[in-house]
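Here is how the chains run, residue by residue.
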Amino acid sequence: MSLLQTLQLAPTDPILGLNESFAKDPRPDKVNLGVGVYLGEDGLLPLMECIRIAEERLTAQNKPHGYLGIDGLPAYIKATRSLVFGEDAPVLERVASVQALGGTGALKVGADFIQQLTPSAKVLISTPSWENHRALFTRAGFEVGEYRYYSAEQKGIDVDGMIDDLQQAEEGTVVVLHACCHNPTGYDLQKADWDRVIEAVASRKLVAFLDMAYQGFGFGIEEDKAVIGWFLDAGLEFLVATSFSKSFSLYGERIGALHVVAPDAEAARKVLSQLKVCIRTNYSNPAKQGAALVAEVLGDPELRQSWEDELAGMRERIKNLRYHLVTGLRDAGITDMDFISDQLGMFSYSGLTKDQMVALRTEHGVYGTDAGRMCVAALNSRNIEHVAKAIAAVR
């Protein structure tokens, strides 16, 4: 019998599969709000000025393209550790950090590491969550459940339900938490809510795995990492996955990092050794260009300031797009979707049903996920009116 004879056709990815359908759509006014990519007012992926300058510098050096170490580019690791935990923060001596293939790669390395330590542990993700969270941890060998998060009735977070689910979780359960700009809802916990979450994690001896893919898109670079400090203040061990695809517009470079906060420096050294084994037996070592670009920008005061300014411009533009979408919806007769302006980050959880999202695609050429998630960062002055009218038509 052929090894491949019984192979089944896998379903298309719920997000990336939309790109295939969008590409085949011949309508000139089609709009892709499915994939989480920031597009400029011209509808194109921007090349940030700080990255343009950094790339010119690197090209002029004419360096050979040798292998990086298993854990990545040292200058990149140092720069990203400072971005997450603070410059020369005392905690850094007990943090194990590795460069990863984007935020997804950081999550996968972390999942493999935890699976090695505690293979029988369960994983909890928010309901809803980024679609790949469930698939990623399931493929890593975990049983994946959910904790309550978004409430359609409240049009916000069911904090009490979330805390109750965490308090009912078994000791050692891995809890995947969105550090900022929750994907897909855009609703973030407040400081008092995070205090309750941290208390539940500590009292139930849960393992917190923070996914921070959108640092800088909520309120600012420092503000969006505040939860990291709150976990540190509680004396907890935890993991942090970060991504720079969005914040540096380096999507194709697949550049991220994984940080594991250990109890002491010796434990961190052991953690790093095991993370390197996970990487070596998966992809051996990471790519250099994206890491070199980020390290160059973060290591140069002028480029660092340029990056912060450009990122702030992206953040404020997204907020402005939210405002104009709500205005367009109101003009089209929809007065109960003002909550879109309250959400943060690149995405809006519209509250539209699967049937309504399908109608948006088939009847109006507006592509979003069946769960109702739309990427606000793909809107512009030319398509926002069309999107608003299309939403009103399917409501």
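The coordinates are above.
What counts, and at which threshold
- Residues numbered from 1 in each chain as written.
- Predicted model: local features only at pLDDT ≥ 70, side-chain atom pairs only at ≥ 80, totals over all residues.
- Heavy atoms only, no water.
- Helix = DSSP H or I, 4+ residues; strand = E, 2+ residues; numbered from the N terminus.
- Rg over C-alpha atoms; globule rule 2.2 N^0.38 Å.
- Buried < 20%, exposed > 50% of the residue type's maximum accessible area, 1.4 Å probe, protein only.
- Contact = heavy atoms within 4.5 Å.
- Areas by Shrake-Rupley, 256 points an atom, 1.4 Å probe, with all protein chains shown as cover.
- Lys, Arg positive; Asp, Glu negative; His and termini not counted.
- Charge placed at Lys NZ, Arg CZ, Asp CG, Glu CD.
- Patch = residues over 30% accessible without salt bridge, like charges linked within 9 Å, V, L, I, M, F, W, Y side chains within 5 Å.
- Salt bridge = Lys/Arg side-chain N within 4 Å of Asp/Glu carboxyl O.
- Pairing = 2+ DSSP bridges.
- Axes fitted to C-alpha atoms, helices over the stretch in contact; angles between N-to-C directions.
- Phe/Tyr/Trp six-rings, centres within 6.5 Å; stacked < 30°, edge-to-face > 60°.
- Lys NZ or Arg CZ within 6 Å of the ring centre and 35° of its normal.
- Right-handed = clockwise from strand over helix to strand, strands pointing away.
- Expected span 1.5 Å × (residues − 1).
- Arc of directions from axis to C-beta.

Enquirer: What am I meant to see in the overall build of the protein here?
Expert: Summing up its helical and strand segments, the protein has 14 helices and 13 strands in all. A compact globule built from 395 residues would reach a C-alpha radius of gyration of about 21 Å, and the protein, at 21 Å, matches this within 12%. Seen through its C-alpha atoms, the protein measures out along the principal axes to roughly 60 × 60 × 55 Å. Out of the 395 residues in the protein, the part that is buried amounts to 55%. Considering only intrachain contacts with a sequence separation of at least 6, the fraction spanning at least 24 residues in the protein is 74%. Per element, the accessible surface of the protein, about 17,900 Å² overall, is 52% carbon and sulfur. Positive and negative side-chain charges of the protein, numbering 39 and 52 respectively, have mean locations separated by a distance of 4 Å.

Enquirer: What is the right way to look at a nonpolar patch on the surface in this model?
Expert: There is a patch of nonpolar side chains on the surface, built from Leu 3, Leu 4 and Leu 7 and spanning about 400 Å² of accessible area. Inspection of the secondary structure assignment puts Leu 4 in the segment before α1 (16-24).

Enquirer: What's the story with the environment of Met 337 in this structure? I'm lost.
Expert: In this structure, Met 337 sits in the loop between α12 (301-331) and β11 (347-349). The buried category is assigned to Met 337, whose relative accessible area is 2%. As a C-alpha pair, Met 337 and Ile 163 span 174 residues in sequence and 27 Å in three-dimensional space. If near-sequence neighbours (up to four positions away) are discounted, Met 337 is found in contact with Val 326, Leu 329, Ser 350, Ile 391 and Arg 395.

Enquirer: Hey, could you run me through the pattern of salt bridges in this one?
Expert: Working definition: two side chains of opposite charge can pair if their charged atoms are close together. Tallying each qualifying case throughout the model produces 22 salt bridges. As a salt-bridge pair, Glu 41 and Arg 317 come within 3.4 Å of each other at their nearest N and O atoms. Note that Glu 41 is positioned in the loop between β1 (31-32) and α2 (49-61) and Arg 317 in helix α12, a separation of 276 residues in sequence. The class for Glu 41 is partly exposed, based on a relative accessible area of 36%. On the basis of relative accessibility, which here comes to 16%, the residue Arg 317 falls in the buried class. Across the pair Glu 266 and Arg 269 runs a salt bridge whose closest N-O atoms are separated by 2.8 Å. Of this pair, Glu 266 and Arg 269 both sit in helix α10 (residues 265-280), 3 residues apart, which is roughly one turn of the helix.

Enquirer: Can you help me understand the sheet that holds strand β9 (residues 238-243) in this one?
Expert: Strand pairing in a sheet relies on backbone hydrogen bonds. The paired strands run either parallel or antiparallel. The 7 strands are arranged β2-β10-β9-β8-β7-β3-β4 in an open sheet whose pairing can be described as mixed. Two strands in the sheet have a free side with no partner beyond their single neighbour: β2 (95-101) and β4 (143-148). Adjacent strand axes in the sheet meet at a mean angle of 25°, parallel and antiparallel pairs treated alike. In this fold α10 packs onto β2 and β10 (255-261), with an angle of close to 15° to the strand it touches most, β2.

Enquirer: Which parts of the structure should I look at to understand the packing of aromatic side chains?
Expert: For any pair of aromatic rings, the description consists of the separation of the ring centres together with the inter-plane angle of the planes. Evaluation of the coordinates by the stated rule reveals 11 aromatic pairs. Measuring from ring centre to ring centre gives 5.8 Å for Tyr 150 and Tyr 187, while their planes differ by 20°; the resulting arrangement is stacked. Linking Tyr 150 in strand β5 (residues 150-151) with Tyr 187 in the loop between β7 (174-178) and α7 (191-203), this pair joins segments that are 37 residues apart in sequence. A residue is classified by how much of its surface remains accessible, and Tyr 150, at 16% relative accessible area, is buried. What makes Tyr 187 buried here is its relative accessible area of 10%. Residues Trp 194 and Phe 231 carry aromatic rings whose centres are separated by 6.2 Å and whose planes lie at 75° to one another, so their mutual orientation is edge-to-face. With Trp 194 in helix α7 and Phe 231 in helix α9 (residues 226-233), this residue pair connects regions lying 37 residues apart in the sequence. Using a relative accessible area of 0% as the deciding quantity, one classes Phe 231 as buried. Pairwise contacts between aromatic rings join Tyr 76, Phe 244, Phe 248 and Trp 307 into one cluster. Over the aromatic face of Phe 22 sits the side chain of Lys 30, whose NZ or CZ is 4.5 Å from the ring centroid.

Enquirer: What should I look at first to understand the pairing of β7 in this one?
Expert: For a regular strand, side-chain orientation follows a simple rule: the groups alternate between the two sheet faces. The element β7 is extensively covered by neighbouring structure, given that 5 of its 5 residues are classed as buried. Where strand β3 (residues 122-127) meets β7, 2 bridges bridge the pair, whose relative direction is parallel. Looking at the pairing, Val 123 lines up with Val 174 of β7. The pairing of β7 with strand β8 (residues 207-212) spans 5 bridges and is parallel. When the sheet's bridge partners are listed, Val 174 is paired in β8 with Val 207. As a crossover connection, the stretch from β7 through α7 into β8 is right-handed.

Enquirer: Would you take a moment to explain the side chain of Asp 25 for this structure?
Expert: Within the fold, Asp 25 resides in the loop between α1 and β1. Judged by relative accessible area, which is 6%, Asp 25 ranks as buried.

Enquirer: Help me understand α7 in this model?
Expert: In an α-helix, one turn spans 3.6 residues, which is why side chains three or four residues apart end up on the same side. With 13 residues, α7 should cover 18 Å at 1.5 Å per step; its first-to-last C-alpha distance of 18 Å lies within 8% of that length. Within α7 the residues assigned to the buried category are Asp 193, Trp 194, Val 197, Ile 198, Ala 200 and Val 201. Summarising the axial view, the buried residues of α7 lie within an arc of 160°, below the 170-degree limit, and thus occupy one face. Turned more than 90 degrees from where α7 packs its buried face, Ala 192, Glu 199 and Ser 203 sit exposed. Looking at the buried side of α7, the elements it contacts are α6 (159-168), β7, β8 and α9. At the C-terminal side of α7, Lys 205 shows a positive phi close to 55°.

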